Amino acid sequence: MRVNYTPWPEDEAKRYREKGFWLDLQLTDILDRHLTSQGSKTAIITDDSRLTYAELALYSTRLAASLAKRGLKAGDTALVQLPNDFPFYVVYFALLRLGVVPVNALFNHNREELSHYAKQLEPKLVIGSELQPLFKTADFTNQLRENEDIAFELLVDGNVDFAPSLRELWLNEETDISCVPKATGADEVAFFQLSGGSTGTPKLIPRTHNDYYYSVRQSVDVCEWEDSVVYLCALPAAHNFPLSSPGALGVFFAGGTLVIAPDPSPSTCFPLIKQHGVNWTALVPPAAILWLNAPDGAEALASLKYLQVGGARLSTNLAKRVESELDVTLQQVFGMAEGLVNYTRLDDDEWTRHNTQGRPMSEDDVVVIVDEDGEPVKQGEEGLLTTKGPYTFRGYFNADTHNRKAFTDQGYYASGDVVVQTETGHLTVVGRDKDQINKGGEKIAAEELENHLLSHPDVFDAAVVSMPDELLGERICAFIIVKKGCAVRPVTLNKFMRSKHLADYKYPDRYELIDAFPKTKVGKVDKKSLRAHIATLLAKRTPPSRTLV
Ligand code: AMP
Ligand code: DBH
């Protein structure tokens, strides 16, 4: 094992192979399988470029060769941050070819998140884009080398004087591609997926070639994709949803065409859909709301047959509106970067499409809904989702203590979602039992923000909870107890938090003063009552505290 991970038990791995779920193929096969028959077909369309399957394969091979020449080898790790554009996929396949294991940070991740991933992975390679201010000068990466005491190769997509240009490496026709070693070991970790997490430090999810390839193939099967699929990727490319459910990798597996949008706004997406005849895409609920509110939606979306919505709960009302006003079939997707993905099926009845978040995609997904004591609940009763299966991971990277909490004694992943299962096996997400805020599909661990807030000299205690929001579903409210004799203003706290250089979506949207936190019977902060408190303030339109004393 080149990169350490918790493997599946042997009997289960054996079964997944016998059933043909695990094919012992590298993820690069997703691309390379097309080269003899349809290398000249367009694989990717962006605003200003088109790439055929053959070009995508060649560029990724050349990049792999250049990296091999720079000394990178299988088992090394990489930190990658690229925007929604074709280089994301060239790099993804190049690293797969070499067996270099990346984490693909979200493009809105900031200094704090990137430093944290670097600390965890000690990457031998960092790839960034000059569109992100952190990679415009050498300061950030120099600091990273110094603070974390690591040495890495640096490539930047753009024109900077402190690092080689990423694109030049794959455009160089002189590259000798024979030096790329043949990758082996489909049981190896292919890349790390990001967890929204519920702890102070975001955790990394090892995904193997075998498990991820299966999840892509099975997704393609459920969605009945063929080479006629024209899919628009408008969500952040690194997210599990647009990468693998069936997402970009599903497009490549099916031999279809991927259209890339830099963002999911109607003004960006509608013209692309019209111009390229997009027939599938994926959104989070707030983006779906924007699409519903945009003028001429149904007309602009004439070619769109299916709209996937997932990442956060979609209300029944919105589900109905999506179908009637946008004239598409809705597919609800309830997935997690840790593995399990649920889809409503294309032929599910209307009630199921509008009221459930789908059912597991694999016949070998085991879902057990349990009560707080870990006992299975009766069918139709609310409980906590626990799951295992052929593409659900068995442990976060280097996180033994957390893993003991994240998995049941039987080895099932406890996702922290409160769900109800119908007789047909469909799941409806009714709540959450994890200390996380889901802001329109972006997950924020309350503890991470609380730790930052607690580092302010005037803050005695902090509790971060979700508050209802019409567009995003949830926003972030930070309840603060100020130290005796101190006074802070929300604007100062906000400035203080900004100095931590977090991803934009993580900053609290509201600060509320409180004298003491309500406590549960066992003496923990009662976040349920804090959530109820802020919801009442919002309903009464009470303005936020101006000064916290
Ligand atoms: P992550 O573990 O960061 O990949 O986030 C996965 C989590 O997102 C799930 O455990 C759910 O809490 C939430 N989620 C994803 N899709 C949906 C959905 N369709 N409805 C409700 N919650 C969802
Ligand atoms: O929210 C998610 O993480 C998610 C949503 C839909 C996901 O990972 C997926 C589909 O694969």
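No experiment lies behind these values; they were computed from the predicted model shown.

**Description of the pattern of salt bridges**
Two side chains of opposite charge can pair, provided their charged atoms sit close to one another. The tally for this structure, following the rule as stated, stands at 28 salt bridges. Across the pair Glu12 and Lys388 runs a salt bridge whose closest N-O atoms are separated by 3.0 Å. Residue Glu12 is located in helix α1 (residues 10-18), and its partner Lys388 is located in strand β17 (residues 383-388); the two are separated by 376 residues in the primary sequence. Accessibility assignment for this pair places Glu12 and Lys388 in one class, buried. Note that Arg97 is salt-bridged to Asp32, the shortest N-O span being 2.8 Å. With Arg97 in helix α5 (residues 87-98) and Asp32 in helix α2 (residues 29-32), this pair connects stretches of sequence that are 65 residues apart. For Asp32, a relative accessible area of 28% corresponds to the partly exposed category.

**Considering the sheet that holds strand β22 (residues 459-469)**
If you walk across this open sheet you meet the 3 strands as β22-β23-β24, and the pairing is mixed. Lying at the two open borders of the sheet, with one neighbouring strand each, are β22 and β24 (510-513). Pairwise comparison of adjacent strand axes, ignoring direction, gives a mean angle of 30° for this sheet. Judged from the 10 bridges that link them, β22 and strand β23 (residues 473-482) form a sheet pairing that is antiparallel.

**Some points on the sheet that holds strand β16 (residues 366-370)**
Two pairing modes exist for strands in a sheet, parallel and antiparallel, and in both the strands are linked by backbone hydrogen bonds. Spatially, the 4 strands line up as an open sheet ordered β16-β17-β18-β19, and their pairing is antiparallel. Each end of this open sheet is capped by a strand with a single partner; those strands are β16 and β19 (427-432). If you compare each strand with its neighbour and ignore which way they point, the axes differ by 50° on average. Across 5 bridges, strand β18 (residues 413-421) lies against β19 in antiparallel orientation. Opposite Gln421, over in β19, you have Leu427 as the bridge partner.

**A short note on the nonpolar core**
One finds Ile44, Leu63, Tyr89, Phe252, Leu258 and Trp291 to be the most contacted residues of the largest nonpolar core, which totals 173 residues. For this core, the element with the highest residue contribution is α5, accounting for 10 residues. Not counting residues up to four positions away in its chain, the partners in contact with Ile44 are Ser49, Arg50, Leu51, Leu56, Phe86, Tyr89, Phe252, Leu258 and Ile260. Among the nonpolar cores identified, the runner-up in size contains 11 residues, and Cys477, Phe517, Ile534 and Leu537 belong to it.

**Brief notes about the UniProt feature "domain: AMP-binding enzyme C-terminal" (unreviewed entry) in the protein**
UniProt's entry tags residues 448-524 with the feature "domain: AMP-binding enzyme C-terminal" (unreviewed entry), counted in the numbering of this structure. Spanning residues 448-524, this segment combines 21% helix with 32% strand, and its end C-alpha atoms are found 17 Å apart.

**Notes on helix α4 (residues 53-69)**
For an α-helix the count is 3.6 residues per turn, leaving residues at separations of three or four pointing the same way. Taking 1.5 Å per residue as the helical rise, α4 with its 17 residues ought to reach 24 Å, and the 24 Å between its terminal C-alpha atoms agrees with that figure. Counting buried positions along α4 yields 12 of 17 residues, so the element is predominantly enclosed. Buried within α4 we find Tyr53, Leu56, Ala57, Tyr59, Ser60, Thr61, Arg62, Leu63, Ala64, Ala65, Ser66 and Leu67. Trailing α4 by a residue or two, Gly71 shows a phi angle of about 100°, which is positive.

**Remarks on the site of ligand 1**
Taken together, 18 residues form the shell around ligand 1, and within it Gly196, Val333, Glu338, Asp417 and Lys443 come nearest. Ala337 is positioned with one of its backbone polar atoms (N or O) 2.8 Å from an oxygen atom of ligand 1. Take Lys434: an N or O atom from its side chain is 3.0 Å from an oxygen atom of ligand 1. Taking 500 Å² as the accessible area of ligand 1 by itself, protein coverage stands at 93%. In terms of residue count, the dominant contributor to the shell around ligand 1 is strand β13 (residues 329-336) (4 residues). The residue inventory of the shell around ligand 1, partitioned by class, reads 6 nonpolar, 7 polar and 5 charged.

Definitions and cut-offs
Residues numbered from 1 in each chain as written. Chains lettered and ligands numbered in written order. Predicted model: local features only at pLDDT ≥ 70, side-chain atom pairs only at ≥ 80, totals over all residues. Heavy atoms only, no water. Salt bridge = Lys/Arg side-chain N within 4 Å of Asp/Glu carboxyl O. Helix = DSSP H or I, 4+ residues; strand = E, 2+ residues; numbered from the N terminus. Buried < 20%, exposed > 50% of the residue type's maximum accessible area, 1.4 Å probe, protein only. Pairing = 2+ DSSP bridges. Axes fitted to C-alpha atoms, helices over the stretch in contact; angles between N-to-C directions. Core = buried A, V, L, I, M, F, W, Y, C linked by side-chain atoms within 4.5 Å. Contact = heavy atoms within 4.5 Å. UniProt positions renumbered as here; feature names shortened; annotations may be inferred. Expected span 1.5 Å × (residues − 1). Near = heavy atom within 4 Å. Polar contact = N/O pair within 3.5 Å; in protein donor to acceptor, adjacent residues only side chain to side chain. Areas by Shrake-Rupley, 256 points an atom, 1.4 Å probe, with all protein chains shown as cover. Nonpolar A, V, L, I, M, F, W, Y, C, P; charged D, E, K, R; others polar.

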